[in-house]
Amino acid sequence: MSENNISAAEKLLFSDEDKVHLQHLLEKARPLLALKRFDNIVDLLSLISDSIDIIDNATIEKLSVAFEETLIPVWELSAAYNMAKKESIYQDKKYTLGSTFSLLKNPDTLKGISIILRTVQIIGENNQRIEG
């Protein structure tokens with residue numbers, strides 16, 4: 001930007017530092033404008049703006065519930081994994097096939113295995129419905 005093209009009002013609005021930053025921004029945006037890639041950014045901003053206008057409270061509530069329902073099992077799984085990993089590090093226990101099978105005597109282990117097997121069963125049933 002040359003000083004000759006700047007009006008008195010613009011001189012008051014922009015400090016020298018602002019002019020340097022604006023010049024830097026224009027230099028970075030020039031290739032985007034030349035290749036018409038800036039249009040993609042404008043389209044993305046427009047899509048986000050339209051989505052914000054369209055989304056109502058009920059949709060936001062549904063999205064938050066779906067997010068929570070996804071996050072909770074992942075959180076529980078990662079917490080259980082970290083707990084089991086820490087226990088295995090700090091225990092002076094020899095791991096054998098017998099000690100591993102002794103875990104099956106614990107009702108909590110059996111309940112966890114039942115949940116996993118039922119989950120796999122439901123996935124299989126859903127795939128069969130989709131294929132059939």
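Cut-offs used in this document
- Residues numbered from 1 in each chain as written.
- Predicted model: local features only at pLDDT ≥ 70, side-chain atom pairs only at ≥ 80, totals over all residues.
- Heavy atoms only, no water.
- Helix = DSSP H or I, 4+ residues; strand = E, 2+ residues; numbered from the N terminus.
- Rg over C-alpha atoms; globule rule 2.2 N^0.38 Å.
- Buried < 20%, exposed > 50% of the residue type's maximum accessible area, 1.4 Å probe, protein only.
- Areas by Shrake-Rupley, 256 points an atom, 1.4 Å probe, with all protein chains shown as cover.
- Lys, Arg positive; Asp, Glu negative; His and termini not counted.
- Charge placed at Lys NZ, Arg CZ, Asp CG, Glu CD.
- Patch = residues over 30% accessible without salt bridge, like charges linked within 9 Å, V, L, I, M, F, W, Y side chains within 5 Å.
- Salt bridge = Lys/Arg side-chain N within 4 Å of Asp/Glu carboxyl O.

## Let's talk about the overall build of the chain
When helices and strands are tallied, the chain shows six helices and zero strands. Taken from N to C terminus, the helices and strands of the chain fall in the order α-α-α-α-α-α. Relative to the compact-globule value of 14 Å for 132 residues, the chain shows a C-alpha radius of gyration of 30 Å, a clear excess of over 25%. Taken over the C-alpha atoms alone, the chain extends approximately 85 × 50 × 30 Å along its principal axes. Burial analysis of the chain (132 residues in total) assigns 3% to the buried set. For the chain, the accessible surface area stands at approximately 12200 Å², while carbon and sulfur atoms represent 63% of it. Positive and negative charge centroids in the chain, built from 15 and 20 side chains respectively, lie 11 Å apart.

## Let's talk about the environment of Glu-69
Secondary-structure assignment places Glu-69 in helix 4 (residues 57-90). Taking C-alpha positions, Glu-69 is 16 Å from Ala-79, a pair spaced 10 residues apart along the chain.

## Structural notes on a nonpolar patch on the surface
The grouping of Leu-33, Phe-38, Ile-41, Val-42, Leu-44, Leu-45, Leu-47, Ile-48 and Ile-52 at the surface amounts to a nonpolar patch, some 840 Å² of accessible area in total. Per element, the largest residue contribution to the nonpolar patch is eight residues, and it comes from helix 3 (residues 38-54). Mapped onto the elements of the fold, Ile-52 is located in helix 3. You can call Ile-52 exposed: its relative accessible area is 60%.

## Details of the pattern of salt bridges
All told, the structure shown has two salt bridges when counted by the stated rule. In this structure, Asp-16 engages Lys-19 in a salt bridge whose closest nitrogen and oxygen atoms are separated by 4.0 Å. Taken together, the residues Asp-16 and Lys-19, both in helix 2 (residues 16-34) and three residues apart, mark about one turn of the helix. When its relative accessible area of 15% is taken as the criterion, Lys-19 is described as buried.

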